[in-house]
Every structure is written in C-alpha cells, then in structure tokens.
Amino acid sequence: MVPHLTTALTGPLLELEAKFLAAAPTIERWLRSQWQDHTPPFYGSVDLRNAGFKLAPVDMNLFPGGFNNLNAAFMPLCVQAAMTAIEKICPNARSLLLIPENHTRNLFYLQNVAQLVNILRLTGLDVRLGSLLPEIDQPTAVDLPNGTSIVLEPLVRSGNRLGLKDFNPCAVLLNNDLTAGIPDVLRNLEDQYVLPPLHAGWAVRRKSNHFTAYDEVADKFGKLVGIDPWQINPYFSVCNAVNFHERQGEECLASNVDAVLTLIREKYKEYGIDETPYVVVKADAGTYGMGVMTVKDASEVTGLNRKQRNKMSVIKEGMNVSQVIIQEGVHTFERVNDGVAEPVVYMIDRFVVGGFYRVHSGRGIDENLNAPGMHFEPLAFETSCCLPDRCQKPDAPPNRFYAYGVVARLALLAASLELERTAPAVV
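Treat the numbers as computed from the prediction; the structure is a model and nothing was measured.

Chemist: Break down the pattern of salt bridges for me, with residues and values.
Modeler: Evaluated as defined, the whole model comprises 14 salt bridges. When the shortest N-O distance is used, the salt bridge between Glu328 and Lys54 registers 3.2 Å. Of the two residues, Glu328 sits in strand S15 (residues 324-328) while Lys54 sits in the loop between strand S2 (43-50) and strand S3 (55-61), which places them 274 residues apart along the sequence. Accessibility classification places Glu328 together with Lys54 in one group, the buried group. Its salt-bridge partner being Asp228, residue Lys267 comes within 2.7 Å of it at the nearest N-O pair. Of this pair, Lys267 sits in helix H6 (residues 250-271) while Asp228 sits in the loop between helix H5 (207-225) and strand S12 (236-239); the two residues are 39 residues apart in sequence, bridging distant segments of the chain. Per residue, the accessibility class of Lys267 equals that of Asp228, and both read buried.

Laid out in structure tokens, this is it:
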C-alpha cells in the first residue's frame, strides 16, 4: 500500500507526479542517453523525502545494506540487473569476493549480506565472504534469524591480488563503506576489479560532492520536463573546519544555517507553503544516522550543550566530525500506520530493483528517521518503480513509485558524476 499522504498536500504532489507520468518516454530516453556517457555505480540506495510540494533525495548510499527488506517478487529484477553490471565490467567473471561491514553482531545486516550472496550466485558466480576483522582467522559460520547462515573467511593477500585460501576471485565487491579508512589489504590491487571503487568509501567521499553533482543533474532534468529544479532538489551549504568539542566553526555554522533557511523561506513564500522551514546539519561523510541534528533557527547551533556536542562530534567507527553539510530539510507527509515514513529506493547498475519504507513512530515530519526505534515496513513496494500506468491516477501506486524511481535514478546519475570527478583523490 502507498502510505497515507496528508490530503491538503495532494494537489501539488499530484501535479508533480502527473508531469513525470506525461513525460515518461522523454525521461526514459534522456536517462538512457546519460548512461551512454556515464557508468553507474555497481549498486546504491537513495533516501527520499516526500513533502507533497517537493520530492527530493536527502542521502545516497553506495554500499546499501537492506537487500533483505526488498519485495521477494523482485528477485528476478535484482539478478538480471546484477548480471548486466558484471557483464559490463568483467564478462568472463566466474568468482567474486564479497567484503561486508565489520559489525558481525548485527544479524539483520548479515541477512542483507546473505541476500546479496544469493543474488550474485544466481548470476552464475561463485561467491564467498571475506572479513576485514582480525579475529576472523578461520572460516566462521554465522546463523541468521531467518533460518539461513553465512560463512565468513579470513582474507588472504597474495602479491597484488586479494582472495581467500584456495580462492582467487575475478572481482571484489565491497559492502563495507570504509568509514574508518582504506585498509592496506585493499590498496594497489592489480587485475581485479574493486566494486564500488575505493574512493566511493567515506574515507574519501563527501556528501557535498554528491549534491554538487546532483545540482547539475536536477537543473538539466527540470528543463527537460518543465519543473522548478527546487521541487526535486534540496538546498545545501558546507562548513569545512568544525570541531564541536572545542566549539570551533560555530560562526560558520550559524551563517550557513541562516543563509539556507533564507533561501527556503523565499521558496515557501513563492509557492504559498505554510510550513516551518528547517535544515539538517550532518557529517559530510558517514551514514547510520549519526552526527545529525535538525535546526530551525541559526541560534540553535551556537552554544550547544555537552550532550549535543558529543552527539555531533563522532560518527560510525568513532571517527571525528570536522566537516558538515547544512542541507535543506524536506518534510515527509507520508505515514505507514501510526509512523512517519520515508521511501528508500534500491538500484543495481542503472536499474531500480525495488524499495521499502523506513518508518519511525516516535519522530516528527521534520526529523531524521534513521535513528533508534525505526523499522522497515515489511510491506515492501508493490511495484519496482519501473512500470507507470497512464490509465490510473497520478498518485496510484505504480505512478507514485515511478516518481520515486525517477528521482532515485537522478541521484544515481549524480553519483556517477561524483565518482568520475573524485577518482584522482585516491591515495
């Protein structure tokens, strides 16, 4: 089921979805032409926020960790997309080494790993799991809550190739976002593809680079379909030298928050939107909803108390935050039962392969939902986001999901540009 959307806001949303629906052949043709010039990441997921008057991506993950939450009916789509991606990179590939995140105690994440292994094996690959954890010094079986199991094995570096004991794979697929840095064991590999490339990890990658590329994509797309790019694009700014513990960079934060809020207020006035503008201040690198705060006035980022400073100072793997992005907050007026919801769209290569809703019953329409207490709605998307139906209303499930898929693919295209432009940053 499509979540309930506040009735008062269905007018503008219907208009945006109707434009996507009417322009579907033009949109698909344009996207197809873009993929002739740019290589999509191996896979990715996009967090969207749907405010009714605006449908925009707020995060792009290049190491998606929720394949176990997708609708099982779309498994053939996943396999076909993965096959396309592998054939493009290494047509004769027979074996693949998958390197997951280090949190082996998160069994739900490991169910995602098991699902990825299943997808890749169905493409005809021999897939095994190699762990970066030093304590994994022999094959280690892990039983999962859904009755399946996986085997983690110690990595073996032989010269300039990476594999396992008696396993020399054609390619290495990372499902580890490298927040803590690029391990030496992954550097300077030869004659082995590393997917995504090392500079896609948070040791190098910055959200601000992604949204700079997305600005360009949204502007071109807006002209293509005749919409204001702002309807699909959040404003943002960056502060490069922040130390929350020592209160350094507060002036930069305050001035940038004020500048972005001013831009949002002008747009709200232009469109007659009666909502309170807000921004989200978050680490420019990293995921898992850490280092995030919602701000409605510039005064809120000066004089933070100790608890707030501690929260903002550190992200995953205990990494310190020194650079933040100040991003326009996009309200989400979608709900699943009694919880505020946001769609998450999954892609392999250039294909949308499904999605689900992140739901939080304890958070508001202007808050980060990627926080303790969230859950993933078990009723995953009914359609794959690829099959609009012009015989139905613009907000019917196939068309609501199609709009999600279009905006998600725009973010994927931006990720392609981002990776092309940041590749030399690898050391």
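What follows continues from the structure just given.
Chemist: Got a sec to walk through the nonpolar core? Specific residues and values, please.
Modeler: Counting 63 residues, the largest nonpolar core has Phe20, Ile27, Leu174, Tyr214, Phe221 and Ile232 as its most contacted members. Counting residues in each nonpolar core, the second largest holds 40 residues, with Leu70, Leu110, Leu120 and Phe356 among its members.

Chemist: Tell me about the sheet that holds strand S5 (residues 126-131), and please be specific about residues and values.
Modeler: Strand order in the open sheet made by the six strands is S6-S7-S5-S4-S10-S11, with mixed pairing throughout. Each edge of the open sheet is held by one strand with a lone partner, namely strand S6 (140-143) and strand S11 (193-195). Here the strands of the sheet are splayed against their neighbours by 30° on average, with no regard to which way each runs. Two strands pair when backbone bridges link them, and strand S4 (residues 95-100) and strand S10 (residues 171-175) are joined in this way by five bridges, in the parallel orientation. Residue pairing in the sheet places Pro100 in a bridge with Asn175 of S10. Sheet strands touched by helix H4 (residues 107-121): S4, S5, S6, strand S7 (149-154) and S10. Its angle to S4, the strand with the most contacts, is close to 170°.

Chemist: Go over the sheet that holds S12, please, and point to the residues and values.
Modeler: Across the sheet, which stays open at both edges, the four strands sit in the order S12-S15-S13-S14 with antiparallel pairing between neighbours. What marks the edges here is a single partner per strand, and that holds for S12 and strand S14 (292-295). Ignoring strand direction, the axes of neighbouring strands in this sheet form an average angle of 20°. Here five bridges tie strand S13 (residues 279-283) to S15, and the two strands are oriented antiparallel to one another. Looking across to S15, one finds that Ala283 is bridged to Val324. Packing of H6 onto the sheet brings it into contact with S12, S13, S14 and S15, and relative to S12 it is tilted by some 175°.

Chemist: So, unusual backbone geometry: which residues are in play, and what are the values?
Modeler: Each neighbour pair has its own omega, and for Leu195 with Pro196 the value is -20°, a cis peptide bond. Not every positive phi belongs to a glycine, and Asp166 is a case in point at roughly 60°. Along the chain, Asp166 turns up in the loop between strand S9 (161-163) and S10. Of note in the backbone geometry, Asn188 takes a positive phi value of approximately 55° without being a glycine. Tracing the sequence through the fold places Asn188 in the loop between S10 and S11. Asn188 gets classed as exposed once you look at its relative accessible area, which sits at 63%.

Chemist: Kindly report on the state of the cysteines, identifying the contributing residues and their values.
Modeler: The final tally for this structure, using the stated rule, is one disulfide. Free of any disulfide, Cys90 has its nearest cysteine sulfur in Cys170, 4.9 Å distant. On the accessibility criterion, Cys170 (22% relative accessible area) is partly exposed.

Chemist: How would you sum up the pairing of S13? Please name residues and give values.
Modeler: For S13, the buried fraction is high: five of the five residues fall into the buried class. Strand direction decides the pairing type here: S13 and S14, joined by four bridges, are antiparallel. Considered in S14, the bridge of Val279 is made with Val295.

Chemist: I'd like to hear about the layout of surface pockets, residue by residue, with values.
Modeler: In this structure, the second largest pocket occupies an estimated 250 Å³ of space. If you list the elements that add at least two residues to the lining of the second largest pocket, you get helix H2 (24-37), strand S18 (351-360) and helix H8 (397-422). When residues of the lining of the second largest pocket are assigned to their parent elements, the largest contribution, four residues, is made by H2. For the lining of the second largest pocket, the class distribution of residues is six nonpolar, no polar and four charged.

Each value, and the rule that gives it
- Residues numbered from 1 in each chain as written.
- Predicted model: local features only at pLDDT ≥ 70, side-chain atom pairs only at ≥ 80, totals over all residues.
- Heavy atoms only, no water.
- Salt bridge = Lys/Arg side-chain N within 4 Å of Asp/Glu carboxyl O.
- Helix = DSSP H or I, 4+ residues; strand = E, 2+ residues; numbered from the N terminus.
- Buried < 20%, exposed > 50% of the residue type's maximum accessible area, 1.4 Å probe, protein only.
- Core = buried A, V, L, I, M, F, W, Y, C linked by side-chain atoms within 4.5 Å.
- Pairing = 2+ DSSP bridges.
- Axes fitted to C-alpha atoms, helices over the stretch in contact; angles between N-to-C directions.
- Contact = heavy atoms within 4.5 Å.
- Disulfide = S-S within 2.5 Å.
- 1 Å grid on protein atoms, 1.4 Å probe; cavity = no way out; pocket = protein on both sides within 12 Å on 5 of 7 lines; lining within 4 Å.
- Points joined across faces, edges and corners; volume = space filled by probe spheres on them.
- Nonpolar A, V, L, I, M, F, W, Y, C, P; charged D, E, K, R; others polar.

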